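Descriptive structure summary
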Amino acid sequence: TAVPTKNNVFFKGNCSYLINQKAQTITDNDINNAILSSLNNGAIPYDIVNGIYFVILRGDFIYSSNKNGPAGSFCGYHNVLRINRVAEPLKVVVVIDPSTAVPQNLYCMSYISGPTANGDLGADNMVSIYAHLLVETITNYDGRAWFRDRDNQENADLCDWNFLTTANSNIQVDKKRFLVQSLFQPGVGCVLS
């Protein structure tokens, strides 16, 4: 029997990291180096047990991932970053701003179209992508936990871009409204949570 999990997510800090502006392409190594540098200089807190490290990329860089294929074919991903000094890996999420992507990330922009609840097509798309990847990181951060056996789909993938509404928003956080995709709940199907 599926039992819903009640939990909280807390924002613990953020920082900006300047990647070589002459570089046209950002790689997995650039992402890993940005996280490690920010941890080592104290710009962000170190939490191996509960921490999830989000990297939000401007879309005007071309992102090349060994894991996910060419830029423009994915909206973001979650992964682990193994470092030598600890046994447990860091949980990492990368989200790309699809509105400024070069080439334009039509895959991510085609699901939420304007006008959006907040008037920012890129940011409003990123909220749903962020939520999608947060849930997958919690339930299957290293690829060995929750996924459907027959096709390796994770719980957010099973309801990918299913918002359960035709309106431009389906949740409210404080005074802002957002359109966030539904998530798979075993025995129920796609639900908002």
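Every value quoted in this text rests on a predicted model; they were computed, and no experiment measured them.

**Points about the overall build of the protein chain**
Within the protein chain one finds 3 helices and 9 strands. Burial analysis of the protein chain (193 residues in total) assigns 37% to the buried set. Considering only contacts in the protein chain between residues 6 or more positions apart, those separated by 24 or more positions represent 58%. For the protein chain, the exposed surface amounts to about 11500 Å²; the carbon and sulfur share of it is 51%.

**A look at the sheet that holds strand E5 (residues 90-96)**
With respect to topology, 3 strands assemble into an open sheet ordered E2-E5-E4, the strand pairing being mixed. Only two strands of the sheet have a single neighbouring strand rather than two, namely strand E2 (52-57) and strand E4 (76-81). Across the sheet, the mean angle from the axis of one strand to that of its neighbour is 20 degrees, orientation sign disregarded. Examined bridge by bridge, E2 and E5 share 6 bridges and lie parallel to one another.

**Observations concerning the packing of aromatic side chains**
Under the definition given, this model contains 2 aromatic pairs. With a centroid separation of 4.0 Å and 15 degrees between ring planes, the pair formed by Phe54 and Tyr130 is classed as stacked. Separated by 76 residues along the polypeptide, Phe54 in strand E2 and Tyr130 in helix H3 (residues 121-140) bring together distant segments of the chain. Residue classification places Phe54 among the partly exposed residues on the basis of a relative accessible area of 22%.

**So, the side chain of Glu136**
One can find Glu136 in helix H3. By relative accessible area, Glu136 is classed as buried at 2%. What Glu136 contacts, discounting residues up to four positions off in sequence, is His78, Tyr141, Glu154, Asn155, Ala156 and Asp157.

**With respect to the environment of Val180**
Its location among the elements puts Val180 in the loop between strand E7 (176-178) and strand E8 (183-185). By relative accessible area, which is 10% here, Val180 ends up buried. When the C-alpha positions of Val180 and Ser128 are compared, they lie 4.5 Å apart, and in sequence the two are 52 residues distant. The contact partners of Val180, leaving out residues within four places of it in the chain, are Val127, Ser128, Ala131, Phe163, Asn170, Ile171 and Leu192.

**Quick notes on the state of the cysteines**
One way to say it: the disulfide is the covalent bond shared by the sulfur atoms of two cysteines. Across all of its chains, the model carries 1 disulfide by this definition. Here Cys159 is linked by a disulfide to Cys190, with a sulfur-sulfur distance of 2.0 Å. Disulfide Cys159 to Cys190: torsion about the S-S bond roughly -100 degrees, handedness left-handed. Residue Cys159 is located in the loop between H3 and strand E6 (171-173), and its partner Cys190 is located in strand E9 (residues 189-191); the two are separated by 31 residues in the primary sequence. On the basis of relative accessibility, which here comes to 27%, the residue Cys190 falls in the partly exposed class.

**Section: helix H1 (residues 28-40)**
The terminal C-alpha atoms of H1 lie 18 Å apart, and with 13 residues this matches the ideal 18 Å at 1.5 Å per residue to within 8%. Where H1 is concerned, the buried positions are Asp28, Ile31, Ala34, Ile35, Ser38 and Leu39. When H1 is viewed along its axis, its buried side chains cluster within an angular range of 130 degrees and face the same direction. Looking at H1, the residues exposed on the side facing more than 90 degrees away from the buried face are Asn29 and Asn40. A positive phi of about 80 degrees marks Gly42, the residue just after H1.

Rules and cut-offs
- Residues numbered from 1 in each chain as written.
- Predicted model: local features only at pLDDT ≥ 70, side-chain atom pairs only at ≥ 80, totals over all residues.
- Heavy atoms only, no water.
- Helix = DSSP H or I, 4+ residues; strand = E, 2+ residues; numbered from the N terminus.
- Buried < 20%, exposed > 50% of the residue type's maximum accessible area, 1.4 Å probe, protein only.
- Contact = heavy atoms within 4.5 Å.
- Areas by Shrake-Rupley, 256 points an atom, 1.4 Å probe, with all protein chains shown as cover.
- Pairing = 2+ DSSP bridges.
- Axes fitted to C-alpha atoms, helices over the stretch in contact; angles between N-to-C directions.
- Phe/Tyr/Trp six-rings, centres within 6.5 Å; stacked < 30°, edge-to-face > 60°.
- Disulfide = S-S within 2.5 Å.
- Expected span 1.5 Å × (residues − 1).
- Arc of directions from axis to C-beta.

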